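Chain and residue survey
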Amino acid sequence: MSPAAPHPSLIQALRTETAELHVALEKRLPFFSQQLDLDLYRRLMAAYYGFYQPLEQRLHVLALIPTGLDQSLRIKLPVLRADLAALGLDEAAIEALPLCQALPRIDSRAAALGVSYVLEGATLGGQILRRRVAEQLGLDASSGAAFLNVYGELTGRRWRDFLQYLDDRNLGEAQVFEVTRAAKATFSHFEHWLDSQKVLL
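Residues numbered from 1 in each chain as written. Predicted model: local features only at pLDDT ≥ 70, side-chain atom pairs only at ≥ 80, totals over all residues. Heavy atoms only, no water.

**Some remarks on helix α2 (residues 38-62)**
The end-to-end C-alpha separation of α2 is 36 Å, in line with the 36 Å expected for 25 residues at 1.5 Å each. One or two steps after α2, the chain reaches Ala63, where phi turns positive at roughly 50°. (Helix = DSSP H or I, 4+ residues; strand = E, 2+ residues; numbered from the N terminus. Expected span 1.5 Å × (residues − 1).)

This is how it looks when you write it as structure tokens:
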């Protein structure tokens, strides 16, 4: 009998399963559009807040992040709130922002990993977006673009640490499926939410 083909690693499975959704969303984000002005950027960041706020809260309330991954270092919400304040929203306006109700299902540690993969990957991608926003709108970390560089000089290291963490998980096939399903759902729900807020191309 020939040996069974090895299962792809968790990271490979995530990259393969989410690639199409990732590319589709990137094409619709307005960061590289000539339409990007301060008003659209402000509305876009408000829409990001509407997704991140309930999603981060759910991750922490459920306490499903596996041990060994310090989630407290990876919270983005305070920085996003500070950006919105820098962009002219007061506390009352931020509290009144609409929040996404249709979130990806997080019912296991594996699902939480899938959601975290998307959030961490977006943080890495923020490095490119940060430069674009600086060129197009003249914004930096002090004037409304800190979220796009939330980890600063630690961005690369924290992404590598996260990938290493994923690589160290010894998950069965069913758990890998749960991780990738949650990651795909996160992309889909995020795109639908941004669409509903009329900030996509």
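So, next bit.
**A few points about the side chain of Thr18**
Tracing the backbone shows Thr18 in helix α1 (residues 10-28). Look at Thr18 and you get buried, because its relative accessible area is 3%. Polar contacts involving the side chain of Thr18 include one to the main-chain carbonyl oxygen of Leu14, which spans 2.6 Å. (Buried < 20%, exposed > 50% of the residue type's maximum accessible area, 1.4 Å probe, protein only. Polar contact = N/O pair within 3.5 Å; in protein donor to acceptor, adjacent residues only side chain to side chain.)

**Section: the packing of helix α5 (residues 109-137) against helix α7 (residues 173-196)**
Running from N to C, α5 and α7 point in directions that differ by 45°, and their axes come no closer than 7 Å. Here α5 is positioned oblique relative to α7, judged by the angle of their axes. Considering the relative orientation of α5 and α7, their crossing is right-handed. Of the residues in α7, those touching α5 at Ala110, Ala111, Leu113, Gly114, Val115, Tyr117 and Val118 are Gln175, Glu178, Val179, Ala182, Ala183, Thr186 and Phe187. Within the contact of α5 with α7, the residues separate by chemical class into 10 nonpolar, three polar and one charged. (Axes fitted to C-alpha atoms, helices over the stretch in contact; angles between N-to-C directions. Parallel < 35°, antiparallel > 145°, perpendicular 65-115°, else oblique. Left-handed = near helix turned anticlockwise from the far one by under 90°. Contact = heavy atoms within 4.5 Å. Nonpolar A, V, L, I, M, F, W, Y, C, P; charged D, E, K, R; others polar.)

**Points about the nonpolar core**
Ranked by size, the top nonpolar core spans 61 residues in total, and within it Phe31, Tyr41, Met45, Tyr48, Tyr52, Leu166 and Leu194 carry the most contacts. For this core, the elements supplying multiple residues, two or more each, are α1, α2, α3 (77-86), α5, α6 (155-168) and α7. It is α2 that contributes the most residues to this core, 12 residues altogether. Each residue touching Phe31, except ones within four places of it in the same chain, is listed here: Leu36, Tyr41, Leu44, Met45, Tyr48, Leu129, Arg132, Val133 and Leu148. (Core = buried A, V, L, I, M, F, W, Y, C linked by side-chain atoms within 4.5 Å.)

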